[in-house]
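Reading the structure
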Amino acid sequence: MKSSDVTVIGGGVIGLSIAYALARQGVHATVLDRDEFGRGASWAGAGLIPPFTERRASGPMIELRSWSAVLYREWSASLLEATGIDNGYRKSGGLDIAMTPTEERDLKTAAGRWRVEGIASERVGPGDIGRYEPSLNPELRDAYFLPDRAQIRNPRHLRALQASLFASGATLLPRTPFGGFVREGDRITGIRTEGGILACGQVVMAAGSWSGGLMREEGVELATPPLKGQVVLFRSDRPLLSRIIERGKNYLVPRDDGRVLMGATEEDAGFDTRSTPRAIRDLIDEALRLCPGLATAEVERCWAGLRPGSIDTRPYIGRVPGFSNLIVATGHKRAGIQLAPGTAELVTDLIFGREPGINLAPFAPGRAASPADDIAFRS
Ligand SMILES: Cc1cc2nc3c(=O)[nH]c(=O)nc-3n(C[C@H](O)[C@H](O)[C@H](O)COP(=O)(O)OP(=O)(O)OC[C@H]3O[C@@H](n4cnc5c(N)ncnc54)[C@H](O)[C@@H]3O)c2cc1C
């Protein structure tokens, strides 16, 4: 089999973005996935992209988030030009709302952080909400408008990444489960697959929630606990909303075509991806609470995905101790879509032996757990 400069294990948004960033620098990557590409968490996600910050970021996650948000604009335009596929990147703006006194207090705290970070936001009193979103439940206590909130359509973005990789000559191997490393001392020389051994140069583990299990078999402890998220997709004949609505951990995401996505649960349910009646009922109840007009929309589809966790709120991005050519990029939890471009650029820096654009110590695979340092945005 052909040898590749870089072999990426896992073809979700993280693995495909890494291969894309490498291809833009002329590096040939092989990406393998045990399934079709982009059918894991990346397909299931809502595609929320938070605003970028104008000021100097005050923490590693804020830095990564802001950098990625800036890159999304450029990547989306380049992907469209290269492939003709519109990934649905839209700066649709968002309204963050509070319906209880506790939520009102939390929202004010978040607004304070946005001010410090230089993120554009504008307070919208309950009486003015109809000016922004006439279909939203007017019985809310407070709301803020964030004009720079953006979104992508995940399946389209994943298709665009694959099309671009295909055109640039990357090797894409779907239905190719990773079967272990072939090692010579601290160096990985090959990847075992059902079709034989793939000779390799640098190796990137980006298999989402499954990374921890795969690494354990290689003698490396890396916790990537799955965090299940369920979603309901509505289809409405008339456009009901035009901006992303966020209430705590829940959100409504209106698409250009009248569809509205309601997400998302957070469940510790192992690797179970079934849609369950209680979660779906709760999501539908919340959707109707936020936007009563959805009561007459069609429930088009429900699904669930597994967000890859880590030991804290940060992903793992860095070289794995004990190996001379193994990098890990996973554990992005609720933010893997938004953080993918920045993550991919950082991995590319590592592969080229360059000083990474962001200090990677806070993301090191073997680190001790840290407290959350970016709680201004979630998805
Ligand atoms: C409901 C929901 C809503 C979300 N909303 C957002 C959002 O709005 N914004 C945001 O930024 N993030 C969001 N997320 C989180 C985001 O989707 C994830 O963080 C991200 O998709 C993780 O990407 P990944 O590539 O690491 O993992 P995955 O997409 O899961 O990809 C891992 C890949 O590895 C492959 N693999 C597994 N085992 C093997 C093996 N043995 N051999 C080869 N390949 C293997 C899998 O088949 C899979 O394709 C959401 C997630 C969910 C579930």
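Up top you'll find the structure we're talking about.
What comes next concerns the included structure. The structure presented is a predicted model; accordingly, all values stated were derived computationally and were not measured.

Definitions and limits used
Residue numbers here run from 1 along each chain, matching the order of that chain's written sequence. Given that this is a predicted model, residues contribute local features only at a pLDDT of at least 70 and side-chain atom pairs are listed and counted only at 80 or more, while totals for whole chains, interfaces and linings are drawn from all residues. With hydrogens and water set aside, each side-chain value is computed from the structure's full complement of heavy atoms. For helices, the axis comes from a line fit to the C-alpha atoms of the stretch in contact; other axes are also lines fit to C-alpha atoms, and the angle between any two N-to-C directions lies between 0 and 180 degrees. Helix numbers and strand numbers start at the N terminus; a helix is a DSSP run of H or I with at least 4 residues, a strand a run of E with at least 2. Throughout this description, any angle smaller than 35 degrees is read as roughly parallel, any larger than 145 degrees as roughly antiparallel, any in the 65 to 115 degree range as roughly perpendicular, and the remainder as oblique. For any pair of crossing helices, the crossing counts as left-handed if the nearer helix is rotated counterclockwise from the farther one by less than a right angle, and right-handed if it is rotated clockwise. Contacts are assigned to residue pairs that have any heavy atoms within 4.5 Å of one another. Throughout this entry, Asp, Glu, Lys and Arg are counted as charged residues, while Ala, Val, Leu, Ile, Met, Phe, Trp, Tyr, Cys and Pro are counted as nonpolar. The remaining residues, Gly among them, count as polar. Pairing between two strands requires that DSSP report at least two bridges joining them. Here a cavity means grid points, on a 1 Å grid over the protein atoms only, where a 1.4 Å probe fits yet cannot get out; a pocket means an open set of points with protein on both sides within 12 Å along at least five of seven lines; lining residues are those with an atom within 4 Å of a point. Grid points are joined across faces, edges and corners, and a volume is the space filled by probe spheres set on the points. A side-chain nitrogen of Lys or Arg and a carboxyl oxygen of Asp or Glu constitute a salt bridge if their distance falls within 4 Å. In this scheme, a residue with accessible area under 20% of its type's maximum is buried, one over 50% is exposed, and one in between is partly exposed, where area comes from a 1.4 Å probe on protein chains only.

This part is about the packing of helix α1 (residues 13-23) against helix α9 (residues 336-352). Where α1 meets α9, the closest approach of the two axes is 8 Å, and the angle between their N-to-C directions is 45°. As far as their axial angle goes, α9 and α1 are oblique. Remark: the crossing between α1 and α9 carries right-handed chirality. Of the residues in α9, those touching α1 at Val13, Ile14, Ser17, Ile18, Ala21 and Leu22 are Gly336, Ile337, Ala340, Thr343, Ala344, Glu345, Val347, Thr348 and Ile351. Here the contact of α1 with α9 is composed, by residue class, of 10 nonpolar, 4 polar and 1 charged.

Relative to strand β18 (residues 326-330), strand β17 (residues 316-319) runs antiparallel, the two being bridged by 4 bridges. Looking at the pairing, tyrosine 316 lines up with threonine 330 of β18. Counted between consecutive antiparallel strands, the loop separating β17 from β18 contains 6 residues, among which glycine 322 sits at a positive phi close to 95°.

Attention now moves to empty space enclosed by the protein. Enumeration according to the criterion identifies 1 cavity of 30 Å³ or more in this entry. Volume-wise, the largest cavity comes out at about 50 Å³. Forming the walls of the largest cavity are Ile49, Pro50, Pro51, Phe52, Ala69, Arg73, Tyr89, Lys91, Asp148 and Ala150. Here the lining of the largest cavity is composed, by residue class, of 7 nonpolar, no polar and 3 charged.

A few words now on the pattern of salt bridges. Per the stated rule, a full pass over the model turns up 30 salt bridges. With a shortest N-O distance of 3.7 Å, glutamate 104 and lysine 108 are connected by a salt bridge. Taken together, the positions of glutamate 104 and lysine 108, both in helix α4 (residues 101-117) and 4 residues apart, correspond to about one turn of that helix. We note a salt bridge from glutamate 221 to arginine 216, for which the minimum N-O separation is 3.6 Å. Look at glutamate 221 and you get exposed, because its relative accessible area is 60%. What makes arginine 216 partly exposed here is its relative accessible area of 47%. One salt-bridge network, in which partners are shared between bridges, spans Glu104, Lys108, Arg123, Arg141 and Asp142.

Purely spatial values, then, with no claim about function.
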